[in-house]
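These are the residues of each chain, in order.
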Amino acid sequence: MSRTRRFLTALRSLVMGTTGSRAGAVTVLAPPAAAGRSGPDATVELDPSGLGRIGWGYAPHSDGILDPGEIVWTWVPYEERDGRGKDRPVVIMATLSPGNLLAVQLTSRDHSGDDDYVPLGVGSWDHDRRPSWADIGRVFQVRQGGVRREGTVLDATRYALIGRALRDHHQWR
């Protein structure tokens with residue numbers, strides 16, 4: 001085999017995970033786990049009745065650190081709690097403790113008239129500019145390492161609307 005061919009084979013091995021055990025053999029690498037799916041930074045559904053003191057306060061800053069009022073993307077478990085889930089936008093609503101934040105998921109599925117959902121209208125978090133709803137029936141703990149990407153900032157009026165609905169729905173004070 002020529003030096004160039006050996007070099008290209010070695011380079012492909014590094015980039016694609018090709019093994020050297022036989023010519024042309026390729027090891028398929030598993031895709032990286034979705035941010036927030038597992039480990040210490042996993043996004044987890046919380047029992048709303050078991051939450052202690054909640055640190056409310058609209059304070060978004062575009063500094064890469066999660067703050068209440070920001071919309072970010074993380075892996076959210078399905079309601080069936082069977083290990084499946086989906087990468088979706090959530091609104092960071094409050095601080096539970098340092099590094100642990102309270103979030104609610106957003107959806108573009110129409111939930112008009114459903115008390116578990118707050119209509120938000122259209123926002124920059126949805127590139128297709130579809131109306132969105134915040135699901136206040138389910139709340140999640142989100143950690144900085146469990147966020148795939150920062151999305152945008154929710155305006156203070158809609159943040160307050162979701163916060164008021166959460167406090168009323170779950171009888172938080």
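Trainee: I keep staring at the pattern of salt bridges and nothing clicks. Help me out?
Mentor: Close approach of charged atoms lets side chains of opposite charge pair. According to the stated counting rule, one finds 4 salt bridges in the structure shown. With a closest N to O distance of 3.2 Å, Arg-143 and Asp-41 form a salt bridge. Separated by 102 residues along the polypeptide, Arg-143 in the loop between β8 (139-142) and β9 (147-153) and Asp-41 in the loop between α1 (3-16) and β1 (44-46) bring together distant segments of the chain. The partly exposed category is assigned to Asp-41, whose relative accessible area is 25%. With its nearest N and O atoms 2.9 Å apart, the salt bridge here joins Glu-45 to Arg-138. Residue Glu-45 is found in strand β1, and its partner Arg-138 is found in the loop between β7 (131-135) and β8; the two are separated by 93 residues along the sequence.

Trainee: So what exactly am I meant to see when it comes to unusual backbone geometry here?
Mentor: Trans is the common state for peptide bonds, and a negative phi is the common state for residues other than glycine. The residue Arg-129 is not glycine, and still its phi comes out positive at about 60 degrees. You can see Arg-129 is positioned in the loop between β6 (117-122) and β7. Backbone geometry places Gln-171, a non-glycine residue, at a positive phi of 55 degrees. Residue Gln-171 is classed as exposed on the basis of its relative accessible area of 65%.

Trainee: For this particular structure, what's the right way to read the environment of Leu-154?
Mentor: Tracing the chain through its elements places Leu-154 in the loop between β9 and α2 (156-170). Between the alpha carbons of Leu-154 and Leu-120 there is a distance of 9.7 Å; along the sequence they are 34 residues apart. With residues up to four places along the chain from it excluded, the contact list for Leu-154 reads Tyr-58, Gly-69, Ile-71, Val-91, Trp-125, Tyr-159 and Ile-162.

Trainee: Can you help me understand the pairing of strand β5 (residues 100-107) in this one?
Mentor: Each regular strand carries side chains that alternate between the two faces of the sheet. β5 sits mainly inside the fold: 8 of its 8 residues count as buried. Taken together, the 6 bridges between strand β4 (residues 85-97) and β5 define a ladder with antiparallel strand orientation. From the neighbouring strand, Val-90 faces β5, where its bridge partner is Gln-105. With 3 bridges joining them, β5 and β8 adopt antiparallel strand pairing. Residue pairing across strands places Leu-101 opposite Val-142, the latter belonging to β8.

Trainee: Would you take a moment to explain the packing of aromatic side chains for this structure?
Mentor: What describes a pair of aromatic rings is the distance from one ring centre to the other and the angle between the planes of the rings. For the structure on display, the rule yields 2 aromatic pairs. A centroid spacing of 6.0 Å and a plane angle of 45 degrees characterise the contact between Trp-56 and Trp-172, whose relative ring orientation is tilted. On the criterion of sequence distance, the pair formed by Trp-56 in strand β2 (residues 55-56) and Trp-172 in the segment after α2 is long-range, its members being 116 residues apart. Residue Trp-56 is classed as partly exposed on the basis of its relative accessible area of 25%. The exposure class assigned to Trp-172 is buried, which follows from its relative accessible area of 8%. An angle of 50 degrees between the planes, with centres 5.1 Å apart, marks the rings of Tyr-58 and Tyr-159 as tilted. Of the two residues, Tyr-58 is situated in the loop between β2 and β3 (70-77) and Tyr-159 in helix α2; the sequence distance between them amounts to 101 residues.

About the thresholds
Residues numbered from 1 in each chain as written. Predicted model: local features only at pLDDT ≥ 70, side-chain atom pairs only at ≥ 80, totals over all residues. Heavy atoms only, no water. Salt bridge = Lys/Arg side-chain N within 4 Å of Asp/Glu carboxyl O. Helix = DSSP H or I, 4+ residues; strand = E, 2+ residues; numbered from the N terminus. Buried < 20%, exposed > 50% of the residue type's maximum accessible area, 1.4 Å probe, protein only. Contact = heavy atoms within 4.5 Å. Pairing = 2+ DSSP bridges. Phe/Tyr/Trp six-rings, centres within 6.5 Å; stacked < 30°, edge-to-face > 60°.

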